[in-house]
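Secondary and tertiary structure notes
Given next are the chains, with one letter for each unit.
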Amino acid sequence: MKKFLTSFLAAALGIIAYAQTGPDVLIPKPVSAVLLSGEVGVDIPVKNVRASGKFKKAVRDLPEYARREAYKLTVSGGKATVEALSEEGYFRGRKTLEYMQLMAADGRLHSCEVFDYPRFSHRGLMFDISRHFRSKQFILKQLDLMSLIKMNSLHIHLTDDAGWRIQIDKYPRLTGYAAWRPQELWKDWDQGGHNYAEEGSAPAFGGYLTKDDIRDILAYAAERHINVIPEIELPGHSLEVLKAYPQLACLDSTGTQSVFTSDLCPGSDEALQMYKDILDEVLELFPSQFIHIGGDEAGKWSWRHCPRCQARMKEHGLKDVEELQSWFIKQFDDYLTSKGRRLLGWNEIMQGGLAPGATVMSWQGTVQGIEAAAAGHDVIMSPGNWCYLDRNQDNPLVEGELVGGYLPLARVYDYNPADGFDDTKHLLGLQGNLWTEHVPTEENFEYKTYPRAFALAEVGWTPQELRYFDEFRPRAVALADYIRTKGYNAFDLHTEMGERPEMSKALDHLARGCKVTYNLPYSNHYPAEGDETLTNGLQGGWSYVDGRWQGFLNDLDVTVDLGQKRHLGFVGAHFLANLGVWIGFPVKMQILGSDDGINFVEITQVLCQVKASDSGAMYLLLGDVVNADARYVRFKANRSGRLHEDWLFVDEIIIK
Ligand code: ACM
Ligand code: ZN
């Protein structure tokens, strides 16, 4: 009666009436949850109990990893019990209870029974602490939250051009020099010539995790049943190592000068030995089966001329630099295998042939993971289009500095890692990656990670057929609201604007549907809808990769045929810029008219007064009010040549 009255009163007052907190608040959503009659207070005793015959039977046919994490939580009669077959299972069950307790604002829990186990064995996040260093304390704080949402893997990107972040005793220059730089912000360092600094000098920004820090992180993670995967990047993204140990760099073709790209010299025996030594110290610390060796984005240019690299290729009959990379990585696959570990690398390790024991982390797309799995390798999916948390989650005009790309919560949630796989037996799971070139602070780090990590957690745990975004979102809002009260700077979903409103509004104008001739081509990488893009009346969204924006790696030079001579009152084009990803606004745009498509006269010339920025995307209609007549209208926009030539991105030519 009391409950009825409360609900009735609440309804009468127009506020949401909810019963006691139950499993319907949980992220990830459990496999099965049943409400029992009655309720209990949040402060109830909880006990691990032996798995019943019924429980054992229910998990009997699950894959081994799922059986290990499976649990049954019963909340009833003033107490809670957890059944499981392993410590991990008991832990997950207790987290389910803890989650409901934390969310129970009214102090009451619904009596319930939750039976649960994960869809995938790998549910992870990657933190890049090279571009901007993050402390042990901050990492521990994230582990707390990861364990609440049943994530079980933290991959730490410990080394990259911008700073080495792990103590290695045998090579003290890695932390005495390569871990420090004169600029605090990655952006300033990147634009400032890629310099490093002596530890303790001024200015010297950065830092590293000591072995004691790492032991603390590992112990804390182990208590939470989270595996920590270290990444020691090779052969690319290694400028910091080359600057500390220049003998690891390639030589020029005369064999006398070091060449400082970001790539190690795979022809160098010293490089091989040094990385085996480094891995020895890493293996001593980290119990992880998987050891990530990077492998992405090596430019390989220096290898083509370096006498040591050339000699290596000749010695092993390697036909190109891809095979040289493959050979180099295979040395570490063999080494790690000999130590009872498994090599994990970004999908570029497939170039030139995948090492036999390697596991692939597919980031450039999904096809790489699908292909590696078909060839019998285990894979972890972290494709950029769904899993890159450095992309902006909402309106870039308020999100601040970012790399570009639009990845809202809904899109992350929409990801099904199994899509495209004929057989999922090699699909271990998924991982969200937070790269931090444009994530300078702890606050921004958390803002970008949460709540999108909640979506990844549910994608990784909950059966696909039980997932619905509309039903997930309120749970994500509630958890984000809750963690904000606990000092996590989660993005506030109450303020989410969603996709750029212009995207859903068609534009009507004289050029709509008219033929466009490309005097200079658009890039094959960003064709949008091909030749129709610029006059289809459709505007782009926040992101240059949404299929509405056409990209040019040269000037824009197109001619629109209006079909007949028309009077022109306005001519313009609509651009996107984001210097963070090398997309600029044009410097100027010349617009010409013609009756025959051969002889053109200038109608107007517009100078672009708006400066593109590297702190987010900007949108600009560049054009002019005119008074002219023409059938053919030609738009010539000069792209800017900043450090290198910027891209141009256009979604529509507008003629009125
Ligand atoms: C990567 O994003 N380069 C793995
Ligand atoms: Zn070399």
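Residues numbered from 1 in each chain as written. Chains lettered and ligands numbered in written order. Predicted model: local features only at pLDDT ≥ 70, side-chain atom pairs only at ≥ 80, totals over all residues. Heavy atoms only, no water.

**Some words on the overall build of the protein chain**
Selection rule: Only DSSP runs of H or I covering at least 4 residues are called helices, and only runs of E covering at least 2 are called strands; the numbering of each starts at the N terminus. For the exposure calls, accessible area comes from a 1.4 Å probe over protein chains only, and a residue counts as buried if that area is under 20% of its type's maximum, exposed if over 50%, partly exposed in between. The contact definition used throughout considers only heavy atoms, calling two residues in contact when any of these lie within 4.5 Å.
If you tally the helices and strands in the protein chain, you get 19 helices and 26 strands. For the C-alpha atoms alone, the extent of the protein chain along its principal axes is close to 90 × 75 × 50 Å. Residues classed as buried in the protein chain amount to 58% of the 656 residues present. Contacts spanning at least 24 positions in sequence make up 74% of the contacts within the protein chain whose residues lie at least 6 apart.

**With respect to the coordination of the zinc ion (ligand 2)**
Basically, it comes down to this: Excluding water, the donors of a metal are its N, O and S neighbours within 2.8 Å, or within 3.2 Å for Na, K and Ca, and that exclusion means sites may look incomplete. Square planar and octahedral sites, with four and six donors, are those where opposite donors lie more than 155 degrees apart and all other angles lie between 65 and 115, tetrahedral sites have four donors with every angle between 85 and 135 degrees, and the rest are irregular.
Each protein donor to the zinc ion (ligand 2) is listed here as Cys-250 (SG), Cys-265 (SG), Cys-306 (SG) and Cys-309 (SG); together their distances run 2.3 to 2.4 Å. For the zinc ion (ligand 2), the four donor atoms in the first shell make angles of 105 to 113° at the metal, a pattern classed as tetrahedral. Spacing between the donor residues of the zinc ion (ligand 2) along their common chain follows C-x14-C-x40-C-x2-C. In this pair, Cys-265 is assigned in the loop between strand E14 (258–259) and helix H10 (269–285) and Cys-309 in helix H11 (residues 307–316), connecting sequence segments 44 residues apart. In this pair, the class of Cys-265 matches that of Cys-309, namely buried.

**Some words on the nonpolar core**
The following threshold applies: What is meant by a nonpolar core is a set of buried Ala, Val, Leu, Ile, Met, Phe, Trp, Tyr and Cys residues, joined one to another through side-chain atoms within 4.5 Å.
One finds Val-75, Trp-164, Ile-166, Tyr-275, Ile-278, Phe-454 and Leu-479 to be the most contacted residues of the largest nonpolar core, which totals 137 residues. If one sorts the elements of this core by residue count, H10 sits on top with nine residues.

**Considering the packing of H11 against helix H12 (residues 321–338)**
To be explicit about the condition: Note on geometry: axes are C-alpha line fits, over the in-contact stretch for helices, and angles between N-to-C directions span 0 to 180 degrees. Under this scheme an angle from 65 to 115 degrees is roughly perpendicular, one under 35 degrees roughly parallel, and one over 145 degrees roughly antiparallel; angles in between are oblique. Gly is placed with the polar residues, together with every amino acid not listed as nonpolar (Ala, Val, Leu, Ile, Met, Phe, Trp, Tyr, Cys and Pro) or charged (Asp, Glu, Lys and Arg).
With their axes 10 Å apart at the nearest point, H11 and H12 run at an angle of 80° to one another. What the angle tells us is that H11 and H12 run roughly perpendicular. On the side of H11, the interface is formed by Cys-309, Arg-312, Met-313 and His-316, while H12 contributes Val-321, Leu-324 and Trp-327. Residue composition of the contact of H11 with H12, grouped by class: five nonpolar, one polar and one charged.

**Focus: the pairing of strand E25 (residues 618–638)**
How we decide: Should DSSP find at least two bridges between two strands, the strands are regarded as paired.
Strand direction decides the pairing type here: strand E22 (residues 556–577) and E25, joined by 17 bridges, are antiparallel. The residue bridging Gly-572 from the neighbouring strand is Gly-623, located in E25. Pairing geometry for strand E23 (residues 588–594) and E25, over seven bridges, is antiparallel. Its bridge partner being in E25, Ile-591 is matched across the sheet by Phe-635.

**Topic: the side chain of Asp-394**
So the rule is basically this: Polar contact is the term for a pair of N or O atoms within 3.5 Å; when the atoms are in protein, one must be able to donate a hydrogen and the other to accept it, and sequence-neighboring residues count only if both atoms are side-chain atoms.
Note that Asp-394 resides in the loop between helix H14 (384–387) and helix H15 (396–399). A distance of 2.9 Å separates a polar atom in the side chain of Asp-394 from the backbone nitrogen of Gly-498.

**Some remarks on the confidence of the model for the protein chain**
Put simply, the rule is: Known as pLDDT, the predictor's confidence for each residue is given on a scale from 0 to 100.
On average, residues of the protein chain score 95 in pLDDT, and 96% of them reach the 70 mark or higher. Contacts of residues 1–18 to residues separated by more than four positions or lying in other chains number five contacts, the stretch itself having pLDDT below 50.

**Notes on the sheet that holds strand E4 (residues 79–84)**
Ordered in space as E1-E5-E3-E4-E2, the five strands form an open sheet in which the pairing is mixed. The outermost strands of the open sheet, each flanked by one partner alone, are strand E1 (32–41) and strand E2 (46–50). Across the sheet, the mean angle from the axis of one strand to that of its neighbour is 25°, orientation sign disregarded. In this sheet, strand E5 (residues 108–116) lies alongside E1 in antiparallel orientation, the contact comprising seven bridges. If you follow Val-40 over to E5, its bridge partner there is Leu-109.

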